[in-house]
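Here is how the chains run, residue by residue.
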Amino acid sequence: LVLWLTYWLHDHNFHSGTKPGLNTLTERVARTFGLTASLFLALALLPASKKSLWLSALGISWERGIWVHRAMGFASIVCMALHVLTFWIRYAQLGTLGDKPLIMAR
């Protein structure tokens, strides 16, 4: 998780230098929360099945592994909420928070 966050927060350039004013810390944090939510959502699917190959490979029962499914789902929901909140902060910084909220900017 540390390597994941380091890459998306620090190393990845979302706009590849084409839009220099848009690669701010707030936007990077918001995008990182969204990508981390996707990661946790994908990881939540691994122990969800009663006949999961992952659970049998680790030698644990479904009942003992379901907490991982719930924890990853909860972490995904938290990251989704933080993703929305940080983008609202970014939109407020740009001055477009209340300006046509259902229409995407170009």
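**Some thoughts on the overall build of the protein chain**
Step number 1: What the protein chain contains, in helices and strands, is four helices and zero strands.
Step number 2: Mapped in sequence order, the helices and strands of the protein chain form the string α-α-α-α.
Step number 3: Across the 106 residues of the protein chain, 22% fall into the buried class.
Step number 4: Carbon and sulfur atoms make up 70% of the accessible area of the protein chain, which amounts to about 7900 Å² in all.

**Let's talk about the pattern of salt bridges**
Step number 1: Using the criterion set out here, one finds two salt bridges in the structure.
Step number 2: For E27, the salt bridge goes to R31, with nearest N and O atoms at 3.0 Å. Here E27 and its partner R31 are both found in helix α2 (residues 25-45), four residues apart, which amounts to about one turn of the helix.
Step number 3: Note that E27 is salt-bridged to R90, the shortest N-O span being 3.7 Å. One end of the pair, E27, is in helix α2; the other, R90, is in helix α4 (residues 62-94), with 63 residues separating them in the sequence. Accessibility assignment for this pair places E27 and R90 in one class, buried.
Step number 4: Linked through salt bridges whose partners overlap, the residues forming this network are E27, R31 and R90.

**Remarks on α4**
Helical periodicity: at 3.6 residues per turn, an α-helix aligns residues three or four positions apart in one direction.
Step number 1: Between its terminal C-alpha atoms α4 stretches 47 Å, which fits the 48 Å expected from 33 residues at 1.5 Å a residue.
Step number 2: Residues of α4 that are buried include every one of G65, I66, A75, S76, C79, T86, F87 and R90, and no others.
Step number 3: The secondary structure elements touched by the buried residues of α4 are α2 and α3 (53-58).
Step number 4: Within two residues after α4, G95 carries a phi angle of roughly 80 degrees, on the positive side.

**So, a nonpolar patch on the surface**
Step number 1: Judged by side-chain polarity, F74, V78, L82, V84, L85, W88, Y91, L94 and L97 come together as a nonpolar surface patch covering roughly 820 Å² of accessible area.
Step number 2: Residue position: V78 is located in helix α4.

**Re the environment of I77**
Step number 1: With respect to the secondary-structure elements, I77 resides in helix α4.
Step number 2: Judged by relative accessible area, I77 falls into the exposed class, the value being 57%.
Step number 3: Taking the C-alpha atoms as reference points, I77 and S38, 39 residues apart in sequence, are found 9.8 Å from one another.

**Some details on the side chain of T86**
Step number 1: Among the secondary structure elements, T86 is positioned in helix α4.
Step number 2: T86 has contacts with T26, V29, A30 and F33, leaving out every residue within four places of it along the chain.

**Focus on the side chain of T26**
Step number 1: Looking at the secondary structure, you find T26 in helix α2.
Step number 2: The residues touching T26, leaving out its near neighbours within four places in the chain, are T86, I89, R90 and Q93.

**Topic: the environment of F40**
Step number 1: When you line up the elements, F40 lands in helix α2.
Step number 2: On a C-alpha basis, the gap between F40 and H69 in space is 9.4 Å, while along the polypeptide they are 29 residues apart.
Step number 3: Beyond its immediate stretch of four places on either side in the chain, F40 contacts L1, M72, A75, S76 and C79.

Cut-offs applied
Residues numbered from 1 in each chain as written. Predicted model: local features only at pLDDT ≥ 70, side-chain atom pairs only at ≥ 80, totals over all residues. Heavy atoms only, no water. Helix = DSSP H or I, 4+ residues; strand = E, 2+ residues; numbered from the N terminus. Buried < 20%, exposed > 50% of the residue type's maximum accessible area, 1.4 Å probe, protein only. Areas by Shrake-Rupley, 256 points an atom, 1.4 Å probe, with all protein chains shown as cover. Salt bridge = Lys/Arg side-chain N within 4 Å of Asp/Glu carboxyl O. Expected span 1.5 Å × (residues − 1). Contact = heavy atoms within 4.5 Å. Patch = residues over 30% accessible without salt bridge, like charges linked within 9 Å, V, L, I, M, F, W, Y side chains within 5 Å.

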